[in-house]
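Summary of structural features
So the chains spell out like this:
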Amino acid sequence: MNGPVIHDAHSLPVNDNVNPYAFSVDLDGQWFLQKGKMIAYFGQISFHGIGHGPLDRLIRSSFHSPLHAADWVVAEGRGRMVLADRAFDVNSYDLEEGNLTVRSGNLLAYQPTLALKQSIIPGFVTLIGTGKFVAASNGPVVFVEPPIRVDPQALVGWADCPSPCHHYDHGYMRGVLGGVRMLTGFGGTSGEEHQFEFVGAGTVLLQSTEQLMAEQPTGAPPDEAGVPSGGTPSTHGNQPSAPRLPGQLGDLQRRFGL
Amino acid sequence: MPFRSLNSRMVEAQVLPGQRLFSQRGAMLAYKGEVSFTPSITGGQGGVMGMIGRRIANEATPLMTVEGSGTVMFGHGGHHVHVIELSGDTLYVEADRLLAFDGSLQQGTMFMGSQGGVMGMVRGQVTGQGLFTTTLKGHGAVAVMAHGGFIELPIQPQRPVHVDPQAYVAHRGDVRNKLSTAIGWREMIGRGSGEAFQLELSGSGTVFVQASEEKL
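Residues numbered from 1 in each chain as written. Chains lettered and ligands numbered in written order. Predicted model: local features only at pLDDT ≥ 70, side-chain atom pairs only at ≥ 80, totals over all residues.

A count of helical and extended segments in chain A gives three helices and 15 strands. Counting across all 258 residues of chain A, residues that qualify as buried make up 34%. Across chain A, every contact between residues at least 6 apart in sequence was considered, and the portion connecting residues at least 24 apart equals 77%. (Helix = DSSP H or I, 4+ residues; strand = E, 2+ residues; numbered from the N terminus. Buried ≥ 20, exposed ≤ 12 C-beta atoms within 10 Å, placed from the backbone. Contact = placed C-beta atoms within 7 Å.)

Next comes the structure, spelled out in structure tokens:
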């Protein structure tokens with residue numbers, strides 16, 4: 001039987017995974033990390049809440065989610081720092097003059113050489129520049145190339161694809177049999193009527209399950225004309241106004257104009 | 001070989017025109033190409049009679065038909081996924097553990113009480129499997145889910161395998177299973193080992209066990 005692996009300050013991996021669920025950062029300078037994701041460290045490291053104090057310049061250059069700032073801290077100093085998040089799989093990614101958009105709850109930490117910005121798509125943040133970041137996922141991450149259609153719950157993020165859009169599959173609700181299905185609810189729904197579609201060049205990151213990680217607030221964008229979901233917080237989930245009757249396929253009928 | 005493991009929790013399936021797959025509803029993670037997902041009213045094969053049989057046997061799990069041409073990735077609930085290739089033999093598995101399977105496989109239900117009489121019925125109660133189980137027969141592949149990793153144990157004649165009923169996932173081949181009990185006075189006074197019931201599998205074949213005692 002193998003006991004637990006024993007690490008000291010020197011044997012901890014340098015910017016690599018300790019095991020699938022923990023990542024060791026070789027800190028010399030500064031890193032941004034989400035609050036509460038540091039589980040251990042060696043060396044001289046101090047953690048500053050951001051939004052005030054001496055870090056103003058750094059924040060200005062690499063942090064662009066003003067209302068989201070309370071969820072992040074800056075680790076500063078020298079040493080090794082171990083990051084983990086509720087036993088989710090953790091991976092590091094390198095960007096070189098690139099961009100990657102990721103679900104806000106999945107991002108754990110990033111180098112300040114990257115700039116973090118709110119994505120136009122609600123619930124996502126974009127990293128731009130050169131550097132390393134650490135993200136968690138529920139199950140190992142699979143990289144796929146577009147064109148591909150992805151279950152919304154399985155999407156972790158994407159790099160370089162400018163075209164995330166919605167795709168609806170509801171062919172089975174058409175036609176005579178579809179009409180019977182629709183009127184009676186007989187047969188139910190496949191649960192796969194809605195996907196995110198990606199085309200063009202790039203990479204799409206998928207997690208292996210359809211269980212999402214808790215979403216982190218990204219902050220509301222300014223209330224301006226032309227800004228998606230600006231000002232008003234986006235309402236999550238379609239609340240049916242009346243109790244659902246047995247013969248209804250829920251909101252699908254309304255959404256597809258059937 | 002339509003299924004390919006991407007990692008421990010995901011499989012990729014090739015869908016070709018004219019062939020179809022069945023998969024659990026909502027288990028599709030992503031797809032390429034033109035593929036359609038239709039909820040299967042009858043929950044698999046065999047038409048209406050097959051559906052009624054499965055409803056009675058409580059082995060009706062919501063399935064969908066996957067057709068078209070392209071590749072589809074499946075995964076569900078963070079469970080480990082294992083691909084089992086069948087070449088003419090029969091796989092016995094609970095319907096809710098099926099992630100996806102080849103449309104060319106013959107799907108049926110089997111009354112477990114027929115193996116072992118009254119003890120067979122007790123077995124169904126203890127394992128939580130009920131009295132029926134799903135069988136898949138023919139040539140093709142099946143993606144089965146388990147909580148925790150998969151362990152494959154060979155069963156040889158004269159070498160029966162005992163498994164914890166909660167860890168049992170599926171078995172294949174010519175296998176008889178019965179519940180063996182080891183209830184003594186310790187169990188009566190509440191000082192049992194917690195392993196009073198075991199599933200004894202004998203014959204020749206393979207049993208698949210999960211590295212966890214949690215049911216799906």
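The next thing to look at is the overall build of chain B. If you tally the helices and strands in chain B, you get three helices and 13 strands. A buried classification covers 41% of the 216 residues belonging to chain B. In chain B, the proportion of contacts linking residues at least 24 apart, taken out of those at least 6 apart, comes to 80%.

The next subject is the interface of chain B and chain A. At the junction of the two partners, chain B supplies 22 residues and chain A supplies 26 residues. Every element with two or more residues in the side of chain B that touches chain A is listed here: strand S1 (3–7) and strand S4 (28–39) of chain B. No other element matches S4 of chain B, which puts nine residues into the side of chain B that touches chain A. Each residue belonging to the side of chain B that touches chain A can be placed in one class, and the counts come to eleven nonpolar, eight polar and three charged. As defined by bridge partners, strand S11 (residues 148–150) of chain A adjoins S4 of chain B across two bridges and the pair is classed as antiparallel. Note that in S4 of chain B the partner of Arg149 of chain A across the bridge is Tyr31 of chain B. (Nonpolar A, V, L, I, M, F, W, Y, C, P; charged D, E, K, R; others polar. Pairing = 2+ DSSP bridges.)

Right, let's get into the domain arrangement of chain A. Residues and elements named next belong to chain A. For chain A, the assigned domains read domain 1 (9–137) and domain 2 (138–209). Contacts between the two partners involve twelve residues from domain 1, matched on the other side by eleven residues from domain 2. Sorting elements by how many residues they give to the side of domain 1 that touches domain 2 places strand S6 (residues 89–103) first, with eight residues. A class-by-class count of the residues in the side of domain 1 that touches domain 2 yields four nonpolar, six polar and two charged. (Domains from an automatic or database assignment.)

What follows is about the nonpolar core. Judged by nonpolar contacts, the single largest core of 97 residues is most densely connected at Leu206 of chain A together with Phe74, Val142 and Val144 of chain B. Looking at which domains feed residues into this core, each of domain 1 (9–137) and domain 2 (138–209) of chain A supplies at least three. Beyond its immediate chain neighbours, meaning those up to four positions away, Phe74 of chain B contacts Met10, Val11, Ala13, Ser23, Ala27, Met28, Leu29, Leu99, Ala100 and Ala143 of chain B. (Core = buried A, V, L, I, M, F, W, Y, C linked by C-beta atoms within 7 Å.)

Residue and element names in this part refer to chain A. With omega at 0°, the peptide bond leading from Pro146 into Pro147 counts as cis. Topologically, Pro147 is positioned in the loop between strand S10 (141–144) and S11. With phi around 60°, Ala87 is a residue other than glycine that occupies positive phi space. Within the secondary structure, Ala87 sits in the loop between strand S5 (72–84) and S6. With 11 C-beta atoms packed within 10 Å, Ala87 lands in the exposed category.

For chain A, per-residue confidence averages 78 on the pLDDT scale, and 71% of positions sit at 70 or higher. This stretch, residues 232–242 of chain A, has a pLDDT under 50; its non-local contacts, to residues over four places away or in other chains, come to six contacts. (pLDDT = per-residue confidence, 0-100.)

Residue and element names in this part refer to chain A. With respect to the helices and strands, Phe198 occurs in strand S14 (residues 194–198). Along the chain, Phe198 and Arg78 lie 120 residues apart, while their C-alpha atoms are 41 Å from each other. Apart from residues lying up to four places away in sequence, Phe198 is in contact with Pro146, Pro147, Ile148, Val150, Trp158, Cys161, Ser163, Pro164 and Val204.

The next point concerns the environment of Leu216 of chain B. Residues and elements named next belong to chain B. By secondary structure assignment, the location of Leu216 is in the segment after strand S13 (197–210). A C-alpha to C-alpha distance of 6.6 Å links Leu216 and His147, two positions 69 residues apart in sequence. When sequence neighbours within four positions are dropped, the list of residues in contact with Leu216 reads His79, Asp96, Arg97, Met145 and His147.

Now for the pairing of S1 of chain B. All names here are of chain B. Across four bridges, the pairing between S1 and strand S2 (residues 10–15) is antiparallel. When the sheet's bridge partners are listed, Arg4 is paired in S2 with Glu12. Counting the residues that bridge the hairpin from S1 to S2 gives two residues.

A word on the confidence of the model for chain B. Residues and elements named next belong to chain B. For chain B, the mean per-residue pLDDT works out to 80, and 73% of the residues sit at or above 70. Summarising per-element confidence for chain B, the mean pLDDT is lowest in helix H2 (residues 117–127) (57) and highest in S2 (91). In the model output, the complex is listed with pTM 0.78 alongside ipTM 0.73.

Residue and element names in this part refer to chain A. Residue position: Pro112 is located in the loop between strand S7 (107–110) and strand S8 (114–118). For Pro112 and Met213, which are 101 residues apart along the polypeptide, the C-alpha to C-alpha distance reads 24 Å. Look past the residues within four positions of Pro112 in its chain and what remains in contact with it is Gln30, Phe32, Leu58 and Ser62.

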